[in-house]
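Architecture at a glance
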Amino acid sequence: MTSDVDGAGRGLTPSTALRLMERACGIVGLDSRDASLIRLGENALFRLARAPVVVRIARSPEYLPQVVNEVAVSRWLTGVGFPAARVFEEVEQPVVVAGHPVTFWHLITEGVRKASYGELGRTLKALHALTPLDGVWLPRFDVFGRTELRIERAPIPGGDRAFLRRQLRQLEDEVEALSFNSVRTPVHGDAHVQNLMVDADGRVILIDFENFCFDHPEWDLMVTAVEHHSLGWQTPAQYADFAAAYGRDLHDWPGYRVLRGIQELRMTTWLMQNVSESEGVAAEYRRRIAALRDDSTRRNWQPV
């Protein structure tokens, strides 16, 4: 379903996201009054106040194929009984407003605790053991995702842009030379612990299927491995729980260095989309780009 609204693909800020959310809700007949912004990153997420629904707005028209895939994956996982976020089936999915694909999801009422790293390892192990049903098409992992698009569009200095382009080209060459020994499986594509939620009944639920694909499981394991070994974002005990639950530490694989470079580049270019939104984000971007330029420690990187 498409809405002809001026301004297609002009980007996403809190104010533009609010207007897009209101327009999308009007199209499908949901009440957007008093909705609250949950997060603005790759997508804008709003929680409706008058219905148990989360509205998800993608950043630009290029996201539409991934959004369509995301809805299909949610329906497949729900159908096989895997604990996953569910699309709100009472409305047509997706709606496109001013070039931005918009989807609607059942609200997950969170419990009192966050998911653990052990639960992340167990969830990924179960996910990687699934067999896709006939009729469910899953793409290969998009290694660099929208990295190049972000580099071209982000409001960053020209020197940074040139440096990031060189980093991208180098990593593209290196990933071509990688040898995977694993079989391909369903892969989440952005498998960090924040993409698990624990509901009020204590169920651990997987969310955010935008990058879901069928490829080597190393692409899922690299996220937490880099966060621990490169950034130090988990304690040794937390990472040990993750590796034990899954049954593998990716750091021991010869291709880890290349995957670490890919993940660090993706993290930096994801963040730089919002450098104009606050000095805190801008400062963290400067910290990250400096570390990439100088190959210095990443231990001072902060989650944003």
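Described in the following lines is the structure provided in the data block. (Residues numbered from 1 in each chain as written. Predicted model: local features only at pLDDT ≥ 70, side-chain atom pairs only at ≥ 80, totals over all residues. Heavy atoms only, no water.)

Locating Asn 43 in the fold gives a position in strand β3 (residues 43-47). Side-chain polar atoms of Asn 43 contact the side chain of Glu 210, separated by 2.9 Å. Setting aside chain neighbours within four positions, we find Asn 43 in contact with Leu 12, Arg 56, Ile 57, Ala 58 and Glu 210. (Helix = DSSP H or I, 4+ residues; strand = E, 2+ residues; numbered from the N terminus. Polar contact = N/O pair within 3.5 Å; in protein donor to acceptor, adjacent residues only side chain to side chain. Contact = heavy atoms within 4.5 Å.)

A few words on the side chain of Glu 284. Considering the arrangement of structural elements, one finds Glu 284 in helix α9 (residues 279-294). Only 2.8 Å separates the side chain of Glu 284 from the backbone nitrogen of Gln 302, close enough to count as a polar contact. Those residues in contact with Glu 284 that sit more than four places away from it in its chain are Leu 271, Asn 300, Trp 301, Gln 302 and Val 304.

Moving on, we get to the environment of Val 136. Within the fold, Val 136 resides in the loop between α3 (117-128) and α4 (147-153). With a relative accessible area of 23%, Val 136 lands in the partly exposed category. Each C-alpha atom, one on Val 136 and one on Ala 17, is 31 Å from the other, the two residues being 119 residues apart in sequence. (Buried < 20%, exposed > 50% of the residue type's maximum accessible area, 1.4 Å probe, protein only.)

On to the pairing of strand β2 (residues 36-40). Where β2 lies against β3, four bridges are found, and the strand directions are antiparallel. Bridge assignment links Arg 39 to a residue of β3, and that residue is Leu 45. Between β2 and β3, which pair antiparallel one after the other, the connecting turn spans two residues. (Pairing = 2+ DSSP bridges.)

Turning next to the pairing of strand β4 (residues 53-58). For β4, the tally of buried residues reaches six of six residues, placing the bulk of the element in the interior. The pairing of β3 with β4 spans five bridges and is antiparallel. Bridge pairing links Arg 47 to Val 54 in β4. Adjacent in sequence and paired antiparallel, β3 and β4 are bridged by five residues.

Moving on, we come to the environment of Leu 178. Structurally, Leu 178 is set in the loop between α5 (158-176) and β7 (185-187). Along the primary structure Leu 178 and Glu 70 are separated by 108 residues, whereas in three dimensions their C-alpha atoms are 28 Å apart. With residues near it in sequence (within four places) discarded, Leu 178 still touches Trp 253, Gly 255, Val 258 and Leu 259.

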